[in-house]
Amino acid sequence: MKQCTQRDAAQLLYNNAFSGILISIIASSFLVFAFNTAEMRQFKHAWWVLMTSLLLIRLVDWHLWKRRDINRQLNGSKAILRFISGANLTAVLWSVYILKVVANPNSTDIDLSTHIIIISAMAGGSATVLAGHKRTAMFYAFILLGPPSIGLLLSGIYERQMLGILGFLFAIVMVVIAKKNAEFTAQAILLKNENALLVHHMEEKVERRTNTIYELSNLDPLTGLFNRTAFLQNLQQQLLAAQKKQQSLAVLFIDLDGFKKINDAIGHDTGDQVLNNTARRLKDISANHQLLCRWGGDEFLLAIENCDEQQAVQQSEEIIQVLSAAYSFQNNRLSVGATVGIALYPQHSENEHSLIRLADTAMYAQKKRSPCTVGVFSNQLEQKIHRELKLKDGLSQAIEKQQLSLAFQPILRAKDCQVVSFEALLRWQLDDEMIPPDEFIGIAEQYGLIRKIGLWVLDNACQIASSWPNEQALSVCVNVSVTQLEDHDFVEIVKHALHASQLPPERLHIEMTESVFSSDILFLAEQIKAIQDIGVQVSIDDFGTGYSSLSTMQDLAVNTVKIDRSFVQRIDTNGYPIITAVMHIAQALNYSVVAEGVETEAQMNTLRSLGVDFLQGYYFAKPLPESQVVAFINGGAETTSQQA
Ligand code: C2E
Ligand code: CA
Ligand code: CA
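Everything quoted here is computed from the prediction, not taken from an experiment.

**Q** Now, about the nonpolar core: what can you tell me, with residues and values included?
**A** In this structure, Phe-422, Trp-468, Val-476 and Leu-508 are the most contacted members of the largest nonpolar core, which totals 78 residues. Apart from the residues within four sequence positions on either side, Val-476 is in contact with Phe-408, Phe-422, Ala-424, Ala-461, Ala-465, Trp-468, Leu-503, Arg-507, Leu-508 and His-509. Judged by nonpolar contacts, the second largest core, of 49 residues, contains Ile-21, Ala-79, Ile-98 and Tyr-140.

Next up, the structure:
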């Protein structure tokens, strides 16, 4: 600020300098040459040479100032010093000259009056011309008039003394005016600079606000990466550019694996740090930060220009590798993985929204199939997902729309082929299509619909079984999913189904697939025990295909093992030794064994010879509609089977 005011003062002084210097040249020349007397000539000429030289130097200084580089920050105080040195020296020279004239006894009254008038005029002018520097302006006005006036007062001649008084009064008035003028000017300069400063501050504030608004609306506050809105805009522009240049573009949907665990187990602060580090790593490996964003949660998006499928896959593999490297926080080493889904422009879509959606789809499918790897979108994938969503929507209303039914497949005692139980198998008719359970059960499990559906199956299976003839005491086997068994209310649900149907507990069997072994085995064992405690039997379904091991068989202490039909189908080859092994263990651990998928007499005979207790399969009967079960029971195993 001080620098600015000094610069302005210097500017003002120099702007007025030319006229001031010109007047001094004219006045000095006029006074020297128009009032030339013999005894003063030498002095006057010498003085004139001195004065003119000084004025010429000042002119050069003024000229240099005028031609200075406007853009350069110039030093105001130095310029002022230069200027006032010149001005004060001029004033002193004037003062010397006038004093000499006044002191000269031969000076006439006309001489003196003319000199005083001219000097007064110059003193008056200086009050304005030198307003940029108060002391100089005051000094100039005073030094020009003060000393000669005193000289005149001391002359002892009345007229001259009068002139002296006049000059002196004039000097005082001029000094006061110069002072006022300079103060006013200084004030004006100060105000001007204060305003400029104010405007500057306001501009800065506005700029800061604009930046903040930009950041708030375009950047993710945690990672500093672009947010959705900004990314979508950038991607849209990039797609237009790609279209013009006829180039491809890949959109990578990056989703962290295992992030939720860190967040839940260690805390959100650590979670935030992981996200921050992930963002930094992604920044380091991405060429164009405009096309990188945090899409939300632990999802990131990266678009790569001019990139085909092969390059995109390669880049994605690098990204997974980089993001999977361990982080160290407070002496802890943590690591997350990442799954990447890729969608390509223009093959898969030309629109930014759908490219992102397709990349997301590819990522989602890939994560289910094999996390921490790369998946590229394909039309088959789209169809698959489309169907999945259709089935999910349909399934959520299947009970209300009465689209579900149960089929029952008999299970026979091996030694005498007597039907001992029926397995309840769920059927779903969606409009004109029978959807196979292998397809919809998985979807029901995934989307949390299995509990409601499982409850319906259990209730209905018990209800139907309770209506079967009592004499044979036929059991019903109900399939149950992991999620159902994990339900803390499951035992209550079973009790409720038994109570509502009045089916004796020993006539209900629960079949659980081996995949349940992947969950909390201790809790599972407790649930099985609780189910058995109310008199219901439990079997392991599809034994040999899933995750089961001999030790889990021991831990779970079920009643029955169902050998998967794939082993029965291969009974002539490598199925045989496996079934033999299962039989040994089952006998040792006291399980009964059911063989599923028996399709031929030969299979039946072999299974019998191996000591399998029960048999189930198309050879005996396909799953029957509910309405045919009683007829089947009454007609025996020979009744012609009909598939349901
Ligand atoms: P699963 O429990 O292993 O059921 C036996 C499946 O094998 C049934 O298929 C049945 O029709 C079929 N099958 C029976 N005998 C033969 C045979 O001799 N040859 C051949 N090739 N297949 C035979 P389905 O009814 O399509 O059921 C498939 C799977 O769906 C079931 O396998 C079961 O895991 C699941 N599922 C069915 N109903 C339910 C249910 O109510 N709840 C749950 N959670 N899962 C169910
Ligand atoms: Ca089953
Ligand atoms: Ca099975």
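**Q** Requested: an account of a nonpolar patch on the surface, with residues and values cited.
**A** Residues Ile-150, Leu-153, Leu-154, Tyr-158, Met-162, Ile-165, Leu-169, Ile-172 and Val-176 make up a contiguous nonpolar surface patch of about 830 Å² in total accessible area. Listed by contribution, the elements that provide at least two residues to the nonpolar patch are helix H5 (134–153) and helix H6 (158–218). When residues of the nonpolar patch are assigned to their parent elements, the largest contribution, six residues, is made by H6. Here Tyr-158 shows up in helix H6. Given a relative accessible area of 54%, Tyr-158 falls into the exposed group.

**Q** Which residues make up the site of ligand 1, and what values go with them?
**A** Around ligand 1 there are 21 residues in total, and Gln-409, Asp-541, Arg-565, Glu-599 and Tyr-618 lie nearest to it. One nitrogen or oxygen atom from the side chain of Asp-541 is found 2.9 Å from an oxygen atom belonging to ligand 1. Here Glu-599 contributes a side-chain N or O atom positioned 2.5 Å from a nitrogen atom of ligand 1. When the residues that make up the shell around ligand 1 are grouped by side-chain class, the tally is eight nonpolar, five polar and eight charged.

**Q** Explain the coordination of the calcium ion (ligand 3) to me, using residue names and the numbers behind them.
**A** The calcium ion (ligand 3) binds to the protein through Asp-541 (OD), Asp-542 (OD), Glu-596 (OE) and Glu-596 (OE), with metal-donor distances spanning 2.1 to 2.4 Å. Sequence positions of the donors to the calcium ion (ligand 3) reduce to the motif D-D-x53-E.

**Q** Break down the pairing of strand E1 (residues 249–257) for me, with residues and values.
**A** With nine of nine residues buried, E1 is to be regarded as a mostly interior element. Side chains of E1 alternate between two faces, with Leu-249, Val-251, Phe-253, Asp-255 and Asp-257 and Ala-250, Leu-252, Ile-254 and Leu-256 buried alike.

**Q** Mind laying out the packing of aromatic side chains, listing which residues take part and the relevant values?
**A** For the coordinates displayed, the defined rule picks out 13 aromatic pairs. With centroids separated by 5.2 Å and ring planes inclined at 70°, the aromatic side chains of Tyr-14 and Phe-83 adopt a geometry described as edge-to-face. Placement of the pair is Tyr-14 in helix H1 (residues 2–34) and Phe-83 in helix H3 (residues 76–103), with a sequence separation of 69 residues. There is no split in this pair, since Tyr-14 and Phe-83 are both buried. Ring centres of Trp-94 and Tyr-97 lie 6.1 Å apart, and the angle between their planes is 80°; on these two criteria the pair is classed as edge-to-face. Of the two residues, Trp-94 and Tyr-97 both sit in helix H3, three residues apart, roughly one turn of that helix.

**Q** Kindly report on the domain arrangement of the chain, identifying the contributing residues and their values.
**A** Taken as a whole, the chain is organised into domain 1 (2–197), domain 2 (228–377) and domain 3 (406–426 + 472–643). Between the C-alpha centres of domain 2 and domain 3 the distance comes to 45 Å.

**Q** Help me get a handle on the pattern of salt bridges, residues and values and all.
**A** One pass over the full model with this rule turns up 21 salt bridges. A salt bridge links Asp-257 to Lys-367, with the shortest nitrogen-to-oxygen separation between them at 2.4 Å. Of this pair, Asp-257 sits in strand E1 while Lys-367 sits in helix H11 (residues 352–369), and the two are 110 residues apart along the sequence. By relative accessible area, which is 23% here, Lys-367 ends up partly exposed. Beyond isolated ion pairs, a larger network of salt bridges with shared partners links Glu-423, Glu-511, Lys-562 and Glu-596.

**Q** So, helix H4 (residues 109–129): which residues are in play, and what are the values?
**A** Its 21 residues give H4 an end-to-end C-alpha distance of 29 Å, which sits within 8% of 30 Å, the value for a rise of 1.5 Å per residue. Within the span of H4, buried status applies to Asp-111, Leu-112, Thr-114, His-115, Ile-116, Ile-118, Ile-119, Ser-120, Met-122, Ala-123, Ser-126 and Ala-127. Those residues of H4 that are buried lie in contact with H1, helix H2 (38–66), H3, H5 and H6.

**Q** Give me the sheet that holds strand E3 (residues 299–305): which residues, what numbers.
**A** Taken in spatial order, the five strands line up as E2-E3-E1-E6-E7 in an open sheet, and their pairing is mixed. Strand pairing shows two members of the sheet lacking a second neighbour, strand E2 (292–296) and strand E7 (374–376), which therefore form its edges. Each strand of the sheet is rotated relative to its neighbour by a mean of 25°, with strand direction disregarded. Where E2 meets E3, four bridges bridge the pair, whose relative direction is antiparallel. Bridge pairing links Cys-293 to Leu-301 in E3. Lying on the sheet, helix H7 (residues 228–245) is in contact with E1, E2, E3 and strand E6 (337–345); it crosses E2 at an angle near 135°. Helix H9 (residues 268–285) contacts E1, E2 and E3 of the sheet and is inclined by roughly 5° relative to E3.

**Q** Tell me about the coordination of the calcium ion (ligand 2), and name the residues and values.
**A** The calcium ion (ligand 2) binds to the protein through Glu-423 (OE), Asn-479 (OD1), Glu-511 (OE) and Asp-541 (OD); the donor distances cover 2.1 to 2.2 Å. Of note, the donors binding the calcium ion (ligand 2) are all from one chain and are spaced E-x55-N-x31-E-x29-D. In this structure, the calcium ion (ligand 2) lies 3.9 Å from the calcium ion (ligand 3), and both are coordinated by Asp-541. Here Glu-511 is found in strand E12 (residues 508–513), whereas its partner Asp-541 is found in strand E13 (residues 537–543), with 30 residues between them in sequence. Judged by relative accessible area, Glu-511 falls into the buried class, the value being 1%.

**Q** Please provide a residue-by-residue account of the environment of Ser-378, values included.
**A** On the secondary structure map, Ser-378 appears in the loop between E7 and helix H12 (379–396). According to the relative accessible area criterion, Ser-378 is partly exposed, its value standing at 25%. Sequence separation between Ser-378 and Leu-344 is 34 residues, and the spatial gap between their C-alpha atoms is 9.8 Å.

**Q** Which residues make up unusual backbone geometry, and what are the values?
**A** In this chain, Tyr-345 is followed by Pro-346 through a cis amide linkage whose omega measures 0°. A positive phi angle is found at Asp-431, which is not glycine, with a value near 55°. With respect to the helices and strands, Asp-431 occurs in the loop between strand E9 (419–430) and strand E10 (433–435). Classification of Asp-431 as exposed rests on a relative accessible area of 59%.

Rules of the game
Residues numbered from 1 in each chain as written. Chains lettered and ligands numbered in written order. Predicted model: local features only at pLDDT ≥ 70, side-chain atom pairs only at ≥ 80, totals over all residues. Heavy atoms only, no water. Core = buried A, V, L, I, M, F, W, Y, C linked by side-chain atoms within 4.5 Å. Buried < 20%, exposed > 50% of the residue type's maximum accessible area, 1.4 Å probe, protein only. Contact = heavy atoms within 4.5 Å. Patch = residues over 30% accessible without salt bridge, like charges linked within 9 Å, V, L, I, M, F, W, Y side chains within 5 Å. Areas by Shrake-Rupley, 256 points an atom, 1.4 Å probe, with all protein chains shown as cover. Salt bridge = Lys/Arg side-chain N within 4 Å of Asp/Glu carboxyl O. Helix = DSSP H or I, 4+ residues; strand = E, 2+ residues; numbered from the N terminus. Near = heavy atom within 4 Å. Polar contact = N/O pair within 3.5 Å; in protein donor to acceptor, adjacent residues only side chain to side chain. Nonpolar A, V, L, I, M, F, W, Y, C, P; charged D, E, K, R; others polar. Donors = N, O, S within 2.8 Å, 3.2 Å for Na, K, Ca; no water. Phe/Tyr/Trp six-rings, centres within 6.5 Å; stacked < 30°, edge-to-face > 60°. Domains from an automatic or database assignment. Expected span 1.5 Å × (residues − 1). Pairing = 2+ DSSP bridges. Axes fitted to C-alpha atoms, helices over the stretch in contact; angles between N-to-C directions.

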